[in-house]
Amino acid sequence: MSSPFKHPKSGIYYLRKGVPKRLVPIIGKAVFKQLLNTKDLREAKSLIIPLLADVDNQIRLAELQLTDDSSQELSLRDCQIIANRWYVHTRDKIQATDNYEDFLVYHNKGNEHLHWDSNGKTSRDGNIYPHWFGLSDTLSLQGSEIQRATSAELMTFAKELSSHIDSQLKRDGLSVSHTSSSYINLAKAFYSHIIDLEKLCLSRHRDNWTDEPREMSLAREQLSEVSKKASSSKQTIVTENSISKVYEHWRASDILQNKGNQSRLKTLDETKAKVERFVAILGDMDVTTINKSDIVKFRDILLQLPKNRTQAVKSMTISKQIQFAETSCSKLLSPKTVANAIKQISPVFTYAVEMGLISFNPTFGVSVKNTQKKTEVNIAGRGYTPKDIEKLFADELFTKVSSSLTYGLACYWVPLLCRYTGARLSEIAQLDRSDIGCNEEGIQYLNIRRGEGQSIKTDSSLRHIPVPAHILELGFLDYVDKAKGRLFPDLTIGTYGRASGAFSKWWSARVKSKGISISQPTHAFRHTFKTDMRALGISDSVSDAITGHAAKSEGGRYGSVPLKTKREAIDRLAYLNVKRIY
């Protein structure tokens, strides 16, 4: 149970509980907050219990709407019971407050803009055609029109009453789809009770406190067994071993094991997003009950979801997202994306195995087949073509001294270094002045390493890369000599401590503006480098040592590649037609 929070200045305790990000569009807020109006911790703990229960119920109902478990059907009798309960609740509220304005207004043509006055005086100042104006008069359908209405008209009618219907469903712990026949039946049942409330309000306003338009004994009746079973079976009971809870424990454990590795946080957050997607589809299941068939169901539903998730799509239920994808002919999640989603939640189950909660990882053995076969060979692979390279480096960034540089001289040096070395953007962006070294043979090199504010993908990425001869000719060492600390200080540090995120987006936009279509504009330099090395007859063992790829065989892991050999390979690349601007 969440503990009360204490305000640092006033000392008053209050409730605070965050709303899962996926549920914010449904609940309408990111956090629940409510003052407990006490400075006594013991009293605050007592006061918070019923409030937390209500908050948890709201979150549970939102989960039901998100997973579309709200599509349960209610019997006509159930609809009448729910409408009766709403009537009783609303009647008691009206009689306790003497506030009739939601259901009754005294109107005439002389005061059409006036609202209800409980004394009945202001509304009687005019004397032209006085009449009582009720909530039912504002609805698109009235009386016998409801029976003759089309499905579309009934859905509009139900939407007009949704605030009243949903408030009672919430009190009953139910969630019913707004597009279901049950919701239409609820609207019809509520309409008759709205008429009753209007009559009641008029009677009470005339000081008639004995009139009761209809017996409401149904309000005390229980819902049918089918509805109760459907409702209870769809509850999301968050246990200590639910997948969301196990994820949190795994995350804490992983952070302890990877202290100081900020880039690891990105992986953890990516896994969190996939766990949340799992919960949205299948519910926050106890990991001890999840088996391979559940993972298969997760996979099959993912394959039906739209690729582009706008805010509007995110707010839809899962079934509505699938329906939207079908009707709009949207691109679906690719098999590779779905496979990655399963791969990303797998560590959570592995942790559960380690903790002794389950005996096997249910994601193992669940594959995603890619039935989309290529029809032609891609000659360029995933890299740039020679024409692409020529077009990119003909940009004024590399030819004019006065060119506007969004990220300072990083806009000049970083693409050049990526092109000539095949290094990852993140490796170049994080370089420090101290990372530019020189060996005993006088060969200048870049030291790709781990350190404060620096991270690498794998141990094989730890390496020295010779500074290309053309880079030296362009004045790189002069630039380095004037640097203090970070080599490219104008690059923005992102959420996970990386300096490459914003630059990557900037470069992608630059590439697109040249009419070049490529999926990973910065990573494409690595593919291009490998292709060019092979075209020059350079062995993969040498190019792997330059790019930081792991050796492919046991023999390949023996020995090392001298810095001189790497430099000779790099300097065989054709010089780019760029100018020295520094």
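Anyway, here's the lowdown on the structure attached to this text. (Residues numbered from 1 in each chain as written. Predicted model: local features only at pLDDT ≥ 70, side-chain atom pairs only at ≥ 80, totals over all residues. Heavy atoms only, no water.)

**So, the environment of Ala 551**
Secondary-structure assignment places Ala 551 in the loop between α22 (540-547) and α23 (563-570). According to the relative accessible area criterion, Ala 551 is partly exposed, its value standing at 26%. Expressed as a C-alpha distance, the spacing of Ala 551 and Asp 540, which sit 11 residues apart in the sequence, is 8.8 Å. Once residues lying within four places of it in the same chain are set aside, the contact partners of Ala 551 are Gly 556 and Arg 557. (Helix = DSSP H or I, 4+ residues; strand = E, 2+ residues; numbered from the N terminus. Buried < 20%, exposed > 50% of the residue type's maximum accessible area, 1.4 Å probe, protein only. Contact = heavy atoms within 4.5 Å.)

**Details of unusual backbone geometry**
Look at Asn 37: it is not a glycine, yet its phi comes out positive at around 55 degrees. Notably, Cys 329 is not glycine yet its phi reads approximately 55 degrees, a positive angle. Here Cys 329 lies in the loop between α13 (318-328) and α14 (335-354).

**A word on a positive patch on the surface**
Side chains of Lys 21, Lys 272, Arg 309 and Lys 314 sit close together on the surface and give a patch of like positive charge. Looking at where Lys 272 falls in the secondary structure, it is placed in helix α10 (residues 263-282). (Patch = residues over 30% accessible without salt bridge, like charges linked within 9 Å, V, L, I, M, F, W, Y side chains within 5 Å. Areas by Shrake-Rupley, 256 points an atom, 1.4 Å probe, with all protein chains shown as cover. Salt bridge = Lys/Arg side-chain N within 4 Å of Asp/Glu carboxyl O. Lys, Arg positive; Asp, Glu negative; His and termini not counted. Charge placed at Lys NZ, Arg CZ, Asp CG, Glu CD.)

**Some remarks on the sheet that holds strand β3 (residues 31-35)**
Sheet architecture is open: three strands sit in the order β1-β2-β3, paired in antiparallel fashion. Only two strands of the sheet have a single partner each, and these edge strands are β1 (5-6) and β3. Pairing of β1 with strand β2 (residues 13-18) involves two bridges; the strand directions are antiparallel. Directly across from Phe 5, in β2, lies its bridge partner Tyr 14. (Pairing = 2+ DSSP bridges.)

**Side note on the pairing of β2**
Between the antiparallel neighbours β1 and β2 lie six residues, among them Gly 11 with a positive phi of about 80 degrees. Pairing of β2 with β3 involves five bridges; the strand directions are antiparallel. Bridge pairing in β3 links Tyr 14 to Leu 35.

**Digging into the sheet that holds strand β6 (residues 436-438)**
Pairing within the open sheet is antiparallel, and its three strands lie in the order β6-β7-β8. Either end of the sheet is taken by a strand with one partner, and the two such strands are β6 and β8 (463-466). Within the sheet, the average angular offset between the axes of one strand and its neighbour, ignoring direction, is 40 degrees. Pairing between β6 and strand β7 (residues 444-448): three bridges, direction antiparallel. Looking at β7, one finds that Ile 436 is bridged to Leu 446. Its contacts with the sheet put α23 on β7 and β8, and the angle it makes with β8 is roughly 45 degrees. (Axes fitted to C-alpha atoms, helices over the stretch in contact; angles between N-to-C directions.)

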